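Coordinate analysis (summary)
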Amino acid sequence: MSVNPDQDQHRRNRLLAALRPRDYALLEPHLQIVPIGEGEFLHLPGDEIEQVYFLHKGIVSLMAISKEGDAIATASVGSEGAIGTIVGTGFVRAFTRALVHAPGVASRIEASHFRRAVSKSETINNLLTRYHMAQMCQVQQTSLCNSVHDATSRLSRLLLLLSEQSKDDIISFSQERLAYMLGLRRSSVTLVAQTLQSQHFIKYRRGRIEIVNRRGLKAAACECYDVISRAFDQILEDKQVAR
């Protein structure tokens, strides 16, 4: 029997990797490996969602937009998650702007095939529910963080989360992009980045931040990073997914 060479690549996404073979088989024939480019919109508010993207590499931000055009990231998605899975619950229109901040690769599936798989598998349905709960945790915790914690805590939290989602200690984000995600002024991000570098927690140069002391950066961050990280780890444990 021939083996699809893309099959192992699909499993680089943690959601797909968590599925048992019989449930994964409902999705795999319809998955296609595609690049996602920096600055690309995977969907906009009000769009009908036609594709679901399971990320292998790259970072996508879910942005809330005001009438005046102001925007802030309410959540970010990396290899632990997917974009557009809400169609599996019956909703077909997007609520947020899904913007690719760091380019990468994803497994893409048409919404109709995804909905069909969800309807046939209690396990996929269960995993989807758990994933949406973890995403809601991220949205709520990010809202709390942006409201009550200082810029140093917020940037440290975001850098740790982006590093975890991209599986890399090097984060290729400009200060302008980080400010955009945090709802801060660029000058504020510059000052915090300089402070973290002086403490030898990160190395910074234009458009590139490297975490060199993760323990120190975690100490600088608030508790929000641990809360968000634990939420995703819990929903992706094999024992929980197999229930």
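Data block above holds the structure.
What counts, and at which threshold
Residues numbered from 1 in each chain as written. Predicted model: local features only at pLDDT ≥ 70, side-chain atom pairs only at ≥ 80, totals over all residues. Heavy atoms only, no water. Helix = DSSP H or I, 4+ residues; strand = E, 2+ residues; numbered from the N terminus. Rg over C-alpha atoms; globule rule 2.2 N^0.38 Å. Contact = heavy atoms within 4.5 Å. Areas by Shrake-Rupley, 256 points an atom, 1.4 Å probe, with all protein chains shown as cover. Pairing = 2+ DSSP bridges. Axes fitted to C-alpha atoms, helices over the stretch in contact; angles between N-to-C directions.

Check the secondary structure of the protein and you find 11 helices and 9 strands. In summary, the protein has a C-alpha radius of gyration of 18 Å against a globular reference of 18 Å for 243 residues, a match within 12%. Seen through its principal axes, the protein has C-alpha atoms that stretch 55 × 40 × 30 Å. A fraction of 73% describes how many contacts in the protein between residues 6 or more apart in sequence connect residues 24 or more apart. Carbon together with sulfur atoms contributes 48% to the accessible area of the protein, which is approximately 12,100 Å² in total.

Taken in spatial order, the 3 strands of this open sheet run S7-S9-S8, and their pairing is antiparallel. The open sheet has two edge strands with one neighbour each: strand S7 (170–171) and strand S8 (202–205). By the bridge criterion, 4 bridges tie S8 to strand S9 (residues 208–211) in an arrangement that is antiparallel. Within S9, the position partnered with lysine 203 by the bridge is glutamate 210. Along the sheet face, helix H6 (residues 151–166) touches S7, S8 and S9 and points at about 85° away from the line of S9.

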